[in-house]
Amino acid sequence: MTTDELELDALCELANVGLSRAATRLSQLLEDDIEMTTPLVRVVAYEELQQALQLDERTIIAAVWQELSGNVEGTSMLMFPTEDSRMLVQELVGLSMQEAGEIDLRAIEHEAMMEIGNIIISSAMAVIADMLGQDIRMSMPHYVEATLPDLMAQRDRGHAWQETQVIIMNTRLKARQREIEGRMVMLLSVTSVQLLFARLRELLLNASAAGS
Amino acid sequence: MLLDSTIKSLVDTLPLGVLLVDGELRICGWNQWMVQKTGIPAQQAQGKTLQELFPDFCSERLLSAIELCIKHKSPQLISQTLNRYVIPIPVAFESHDLTLMQQKVNVAPLTGNNGEALAVVSINDVTESVAKSHALAQMAKKMKSQSNHDQLTGVYNRHFLWSWLPPQIKQCVRHGEALSCLMLDIDHFKRINDTYGHDIGDAVLCGFARIVGAQLRGSDILVRYGGEEFVALLTHADATVALEIAHRIQQEVRQAVIAPLDAGEVRCSIGVASWTPEIPCSSEELLKRADRHLYQAKQGGRDQVVGSHG
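Not measured: the values here are computed from a predicted model.

Definitions and limits used
- Residues numbered from 1 in each chain as written.
- Chains lettered and ligands numbered in written order.
- Predicted model: local features only at pLDDT ≥ 70, side-chain atom pairs only at ≥ 80, totals over all residues.
- Heavy atoms only, no water.
- Pairing = 2+ DSSP bridges.
- Helix = DSSP H or I, 4+ residues; strand = E, 2+ residues; numbered from the N terminus.
- Contact = heavy atoms within 4.5 Å.
- Axes fitted to C-alpha atoms, helices over the stretch in contact; angles between N-to-C directions.
- 1 Å grid on protein atoms, 1.4 Å probe; cavity = no way out; pocket = protein on both sides within 12 Å on 5 of 7 lines; lining within 4 Å.
- Points joined across faces, edges and corners; volume = space filled by probe spheres on them.
- Nonpolar A, V, L, I, M, F, W, Y, C, P; charged D, E, K, R; others polar.
- Phe/Tyr/Trp six-rings, centres within 6.5 Å; stacked < 30°, edge-to-face > 60°.
- Lys NZ or Arg CZ within 6 Å of the ring centre and 35° of its normal.
- Patch = residues over 30% accessible without salt bridge, like charges linked within 9 Å, V, L, I, M, F, W, Y side chains within 5 Å.
- Areas by Shrake-Rupley, 256 points an atom, 1.4 Å probe, with all protein chains shown as cover.
- Salt bridge = Lys/Arg side-chain N within 4 Å of Asp/Glu carboxyl O.
- Parallel < 35°, antiparallel > 145°, perpendicular 65-115°, else oblique.
- Left-handed = near helix turned anticlockwise from the far one by under 90°.
- Buried area = accessible area lost by both parts, 1.4 Å probe.
- Polar contact = N/O pair within 3.5 Å; in protein donor to acceptor, adjacent residues only side chain to side chain.

Draft legend 1. Expanded view of the sheet that holds strand E11 (residues 305–307) of chain B. Residue and element names in this part refer to chain B. Within the open sheet, the six strands sit side by side as E6-E8-E9-E7-E10-E11. Their pairing is mixed. This sheet does not close on itself; its edge strands, each paired only once, are strand E6 (156–157) and E11. This element, helix H11 (residues 239–255), spans strand E7 (179–186), strand E9 (229–235), strand E10 (268–275) and E11 of the sheet and lies at about 165° to E10.

So this is what it looks like as structure tokens:
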């Protein structure tokens, strides 16, 4: 599949709009200024995911994902380094180890991360679906802390995914003077990726036609 | 296929709140749980917006979740952690300090009979679990601040002494029992510390506490009173018994090898005071008397027991 730079740029633009909308929603919820940007978008084959993410097999990551169905099939997943996500949630929720008495913190973190991930994924996906005029349905969010292979095994449970391509969007989330690097990863069927890029090309053509 | 009426009664039996909202944010479904918890009958809720039903309160998060759900068919999770609740429902429990029901909420897309986009809001009451975790957190905090043990030696600390002794003396008054207090001090502890260093000093403190503890009975308590000073409280023990135990402790300490110190290098002075029905006193007075005797033992050349019979 050929994906030229223009199309990736356009996708990056879409992701930026989606994530800044997510940031606005998060800012409202957490009553704090939150910024999110997407500096880089790449498309890789599923088999190359681990290498592309530069993740060690044993590194544990925190991930929230929602399954996609409708015109676009696959999974939309948000990944953060576990430690970073923990620190971020503790600050956002206003928890300190002492206050919580060292009890039940993990459950609280999971719940908060799941909602934050849900907001980011659904806001971003809503923009992408709108702009591309696609009907995309989503499942409820799942949250897991695991290594990448375990994560993928969990995602695959009960599904027979077709051969997959992955759109990787690196994101930066800034909150409370803290900045954490995250990745939004869309694991899509090859036909879904083709559909998305076909729609992007149409959009770009229309835009340039309107511009000339 | 289930009939509409069966589905309706099914939803009414669920132990969670279920409400249905249309594209104009008007309520078109309100199950029995919602009726019971909010006191708003289904007919009254029908066709109203949430703002109209709860004018003083409107969760922005809930409205934006419903919007995402209806416009984009995107299910939303609203956690108790980040939101506490979405609809204000008072709860009255004597056992905890929460006045409003804590909720965990899901918003899911649904297509109506005529193809219209709807949102199903389901509300889980998680007040009990939140109250439980608050209670546990408070307990943990309290336990931390009121820990009864000395961290180094593991014996009781002063905090425990003052919670234990006064009621114990009251009991002695009631039953006419005796109670004795030993105040123990390691002789020349500063010299041990200076010569061998603090790590060995700490080991001597631990060893000393172990040797003294071994001479006490099950109902007695040993307290690290400060630095190298310890207090042993002996229940059902008059001056005679207390002096006997004190002498035994002194002997045991003299003979003990507390590495790298040889036997005889660690010695102690002990002041003994007793509470008896004949000579009653307060907790403070009992400790003061023991302390005076300890001072006399130090003045008298250390490595000795001072106390008075009866």
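Resuming the write-up.
Draft legend 2. A look at empty space enclosed by the protein. Residues and elements named next belong to chain B. In total, this model carries one cavity of 30 Å³ or more according to the counting rule given. Within this model, the largest cavity holds a volume of roughly 50 Å³. Taken together, Leu50, Phe54, Phe57, Cys58, Ser59, Leu62, Leu63, Val86 and Ile87 make up the lining of the largest cavity. When grouped by side-chain class, the residues that make up the lining of the largest cavity number eight nonpolar, one polar and no charged.

Draft legend 3. Layout of the packing of aromatic side chains. Residues and elements named next belong to chain B. According to the stated counting rule, one finds two aromatic pairs over all chains in the structure shown. Measuring from centroid to centroid gives 3.9 Å for tyrosine 156 and phenylalanine 160, while their planes differ by 15°, and the two rings are stacked. The aromatic ring of tyrosine 225 is capped on one face by arginine 158, whose charged end is 4.0 Å from the ring centroid.

Draft legend 4. Quick look at a nonpolar patch on the surface. Where nonpolar side chains cluster on the molecular surface, the patch consists of Leu136(B), Met139(B) and Met143(B) and spans about 310 Å² of accessible area. With respect to the secondary-structure elements, Met139(B) resides in helix H7 (residues 127–145).

Draft legend 5. Quick look at the packing of helix H10 (residues 198–215) of chain B against H11(B). Residue and element names in this part refer to chain B. Where H10 contacts H11, the axes come no closer than 9 Å and their chain directions differ by 140°. Taken as axis vectors, H10 and H11 run oblique relative to one another. Regarding H10 and H11, the two cross each other, and that crossing is right-handed. Along the contact surface, H10 presents Phe208, Ile211, Val212 and Gln215, while H11 presents Ile245, Arg248, Ile249, Glu252 and Val253. Its residues placed into classes, the contact of H10 with H11 shows six nonpolar, one polar and two charged.

Draft legend 6. Geometry of the interface of chain B and chain A. With 24 residues of chain B at the contact, the number on the chain A side is 31 residues. Between chain B and chain A, the buried area comes to about 2300 Å², and carbon and sulfur atoms account for 59% of it. In this assembly, chain B and chain A are joined by two salt bridges. For Arg25(A), the salt bridge goes to Glu67(B), with nearest N and O atoms at 3.7 Å. Run the count over chain B and chain A and you get seven residue pairs in polar contact (both at pLDDT 80 or more). Looking at the side of chain B that touches chain A, the elements that each hand over two or more residues are helix H5 (60–72), strand E3 (76–78), helix H6 (80–83), strand E4 (103–111) and H7 of chain B. Residues that form the side of chain B that touches chain A fall into these classes: nine nonpolar, ten polar and five charged.

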